[in-house]
Protein chains: 2
Amino acid sequence: MFSKACEYGLKAMISIATKSEKGQRTNLKEISKDINSPEQFTAKILQQLSRNKLIHSVQGAHGGFEIQKENLGKIKLIDIVKTIDGDKLFVGCGLGLNECDASKPCPIHHRFIGIRENLTKVLSETSLEKMSHDVNGGLAFLNR
Amino acid sequence: MFSKACEYGLKAMISIATKSEKGQRTNLKEISKDINSPEQFTAKILQQLSRNKLIHSVQGAHGGFEIQKENLGKIKLIDIVKTIDGDKLFVGCGLGLNECDASKPCPIHHRFIGIRENLTKVLSETSLEKMSHDVNGGLAFLNR
DNA sequence: CTTTAATCGGATAATTTTATCCGAGTTATA
DNA sequence: TATAACTCGGATAAAATTATCCGATTAAAG
C-alpha cells in the first residue's frame, strides 16, 4: 500500500507528535530508535517532511524535530502520505491506464472508486493528534 | 496500489478472457498489443500466471494462451493480485510493523482494517467473466 | 523433414527504491 | 572561542522492480 519511505514517515511523524504533545523536542537518533528504522534513510525522509513544513527542524546542539502544537490536530495522515508517496494512490487508474474515467472506464474503474474514497476518507479524517494520544495512552504501538 | 507487473497481469488476464469467452486463443504479441505493455516483460508475467494454473499455455505454432471457459467465472481479481504481488496488500501491518494486531495495534490498525476488508471484498467478488463481458460489450476499455 | 510460429527460461540491463557515507553547516554551552 | 551535538545535502552503494535479449524447446503445417 505505502512505500517503505512512507511507512517510516508516518511512524516518524507519530513519534515526533508524541513528544511534541508533551512539549518535548526529539531528534533523529531518538526517532529512529523509537520506530526501529535505519537512521540515515530516516534522516532523508525527515528532511523531506521538513521542507514541506509538516515538521519544524532545529539545527545545532539540542536541536532536532518538533511539530507545532496547533498543527497536531490539523495534520492528517493523508498529508504525510501525499508528501512522501505523492498522490498516485488517490488519483489515476487502478490498472495504470493513462486515460480512465467514468466515460471510458477501465474494467475495474467503478469498483475502484469506492475503495479509493474509503481510503481517502479514513486518511483525511485521522489526525496526528489522535494517533499520538493513542500511543501516549498505551492504546497503540510504534515499535514491534 | 498494485505493482506494474500486477497491473499488466490483470490487464493481460482480462484480455485473454475476452478472447476465451469467444472460444478464441490469443498469444503474447496480441496480448501486449491489446494492453499496451512491453512484450518480454509481459511474457514473464504470463509464465507466472501459467505456472499457477490461472491460464493455460499452448506451445508451438498456433499456440498461445487461453482460459478454460468454466474458469472465467471462478477466477477473481484477488487470485491474480495474490499470484503476482503476493498477499502483502491483504495481510500484515499498514505501517510495516512485524507484530500488529487488535491486542497490540499500530496507531492506524483499526482504521486500516476497514479499508482492507473493503478492498478484499471488491477484489474477491469481481470475476474475470464480468470484466471481459464489460470489455466485449464496449462498457470498459483496456488500452488507453 | 523442414520451416515457421509460438512459449520457456536463464542471463543481463536499466531504473527505481531503499539504505549508507561523509563533509559542511548550525547552535548551545562550557 | 572551542567543542560537542545536532541537521543538511550531495554522493554513492545495495536491493528490488521493471524491462530486454536470446538460445532452447515445442508443435502445426507444408
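Quantities reported herein were computed from a predicted structural model and do not represent experimental measurements.

Student: Is there a simple way to explain the protein's contact with DNA strand C in this structure?
Tutor: Among the 25 residues in the neighbourhood of DNA strand C, the closest are listed as A:Gln59, A:Gly60, B:Lys44, B:Ser57 and B:Gln59. Within 4 Å of the protein, the atoms of DNA strand C are drawn from sugar and phosphate moieties in a proportion of 67%. Take B:Arg51: an N or O atom from its side chain is 3.5 Å from a phosphate oxygen of DNA strand C. Where the surface near DNA strand C is concerned, the elements lending two or more residues are helix H1 (4-20) and helix H3 (39-51) of chain A together with helix H3 (39-51), strand S1 (56-58) and strand S2 (64-66) of chain B. With 4 residues, H3(B) is the largest single contributor of residues to the surface near DNA strand C. Split into classes, the residues belonging to the surface near DNA strand C amount to 9 nonpolar, 12 polar and 4 charged.

Student: Please explain the environment of B:Thr26 as it appears in this structure.
Tutor: Residue and element names in this part refer to chain B. Residue placement: threonine 26 occurs in the loop between helix H1 (4-20) and helix H2 (28-35). With 34 residues separating them along the chain, threonine 26 and glycine 60 place their C-alpha atoms 13 Å apart. When near neighbours in sequence (up to four residues on either side) are disregarded, threonine 26 contacts Ile16, Lys19, Ile31, Gly63, Gly64 and Phe65. A polar contact of 2.6 Å, which involves the side chain of threonine 26, links it to the side chain of glutamate 30.

Student: In this structure, what is going on with the relation of the copies chain B and chain A? I would like to understand it.
Tutor: Between chain B and chain A, the superposition needs a rotation of 180 degrees and an axial shift of 0.0 Å, giving an RMSD of 0.0 Å. Considering both components of the superposition, the chain copies are consistent with a two-fold axis. Of the C-alpha atoms belonging to chain B, the one lying closest to the rotation axis is found on B:Met1, 2.7 Å away. Same-surface contact between copies: 100% of interface residues of chain B are shared with the interface of chain A.

Student: Could you clarify how one ought to interpret the packing of aromatic side chains in this entry?
Tutor: What describes a pair of aromatic rings is the distance from one ring centre to the other and the angle between the planes of the rings. Residues and elements named next belong to chain A. The final tally for this structure, using the stated rule, is 4 aromatic pairs over all chains. Ring centres of tyrosine 8 and phenylalanine 41 lie 5.8 Å apart, and the angle between their planes is 85 degrees; on these two criteria the pair is classed as edge-to-face. Of this pair, tyrosine 8 sits in helix H1 while phenylalanine 41 sits in helix H3; the two residues are 33 residues apart in sequence, bridging distant segments of the chain. For lysine 82, the ring lying beneath its charged end belongs to phenylalanine 90, and the centroid distance is 5.6 Å.

Student: Looking at this structure, I do not really get the protein's contact with DNA strand D. What am I missing?
Tutor: With respect to spatial proximity, 25 residues lie near DNA strand D, and among them A:Lys44, A:Ser57, A:Gln59, B:Pro38 and B:Gln59 are the closest. Here DNA strand D approaches the protein such that, of its atoms within 4 Å, sugar and phosphate make up 65%. At a separation of 3.0 Å, a base nitrogen of DNA strand D approaches a polar side-chain atom of A:Gln47. Within the backbone of B:Lys4, a nitrogen or oxygen atom sits 3.0 Å from a phosphate oxygen of DNA strand D. Here the surface near DNA strand D gets 4 residues from one element, more than from any other, and that element is H3(A). Among the residues forming the surface near DNA strand D, the class breakdown is 9 nonpolar, 12 polar and 4 charged.

Student: Just to check I follow, could you spell out the interface of chain B and chain A for this structure?
Tutor: By convention, interface size is frequently given as the accessible area that disappears when the constituent parts associate. In this complex, chain B contributes 38 residues to the contact, which on the side of chain A involves 38 residues. Taken over both partners, the interface formed by chain B and chain A buries close to 3,500 Å², and the fraction arising from carbon and sulfur atoms is 66%. Considering only the side of chain B, the residues that lose the most area to chain A are B:Met1, B:Arg111 and B:Arg144, jointly responsible for 21% of the buried surface there. There are 0 salt bridges connecting chain B and chain A. The tally of links from chain B across to chain A stands at 6 residue pairs in polar contact (both at pLDDT 80 or more). Of all the elements in the fold, those that place two or more residues in the side of chain B that touches chain A are H1, helix H6 (109-125) and helix H7 (128-136) of chain B. It is H6(B) that contributes the most residues to the side of chain B that touches chain A, 7 residues altogether. The residue inventory of the side of chain B that touches chain A, partitioned by class, reads 22 nonpolar, 8 polar and 8 charged.

Student: Which parts of the structure should I look at to understand H2(B)?
Tutor: In an α-helix, one turn spans 3.6 residues, which is why side chains three or four residues apart end up on the same side. All names here are of chain B. Looking only at H2, the buried set comprises Leu28, Ile31, Ser32 and Ile35. Around the axis of H2, the buried residues are gathered within 90 degrees of arc, so they sit on the same side. Across H2 from its buried face, at more than 90 degrees, point the exposed residues Lys29 and Lys33. Among the structural elements, H1, H3 and S2 are those in contact with the buried residues of H2. Just past H2, the residue asparagine 36 takes up positive phi, approximately 60 degrees.

Rules and cut-offs
- Numbers given for residues are sequential positions, taken from 1 along each chain in its written order.
- Labels follow written order: the first chain is A, the first ligand is 1, and so on.
- The model is predicted, so local features are restricted to residues of pLDDT at least 70 and side-chain atom pairs to those at 80 or more, both for listing and for counting; the totals for chains, interfaces and linings are taken over all residues.
- Neither water nor hydrogens contribute to the side-chain values; these are computed over all heavy atoms in the structure.
- What makes a residue near a molecule or strand is one non-hydrogen atom of that residue sitting within 4 Å of it.
- We define a polar contact as two N or O atoms separated by no more than 3.5 Å, with the added condition that, inside protein, one atom must be a possible hydrogen donor and the other a possible acceptor, whereas residues neighbouring each other in sequence contribute only through side-chain atom pairs.
- In DSSP terms, a helix is any run of H or I states spanning at least four residues, a strand is any run of E spanning at least two, and both are numbered starting from the N terminus.
- Under this grouping Gly is polar, as are all residues other than the nonpolar Ala, Val, Leu, Ile, Met, Phe, Trp, Tyr, Cys and Pro and the charged Asp, Glu, Lys and Arg.
- Whether two residues touch is decided by their heavy atoms; if any such pair falls within 4.5 Å, the residues are in contact.
- A least-squares fit on C-alpha atoms brings the copies together, and the residues used are those whose pLDDT is at least 70 in both copies.
- We call Phe, Tyr and Trp rings a pair once their centres come within 6.5 Å, taking the six-membered ring for Trp, and we label the pair stacked below 30 degrees between planes, edge-to-face above 60, and tilted otherwise.
- In this analysis the charged atom, NZ for Lys or CZ for Arg, is taken to sit over a ring once it is within 6 Å of the ring centre and within 35 degrees of the ring normal.
- Here the buried area means the combined drop in accessible surface, using a 1.4 Å probe, for two parts upon being joined, counting both sides.
- The term salt bridge refers to a side-chain nitrogen of Lys or Arg lying within 4 Å of a carboxyl oxygen of Asp or Glu.
- Relative accessibility thresholds used throughout: buried, under 20% of the residue-type maximum; exposed, over 50%; partly exposed, between the two (1.4 Å probe, protein chains only).
- Summarising the geometry, the arc corresponds to the directions from the helix axis toward the C-beta atoms.

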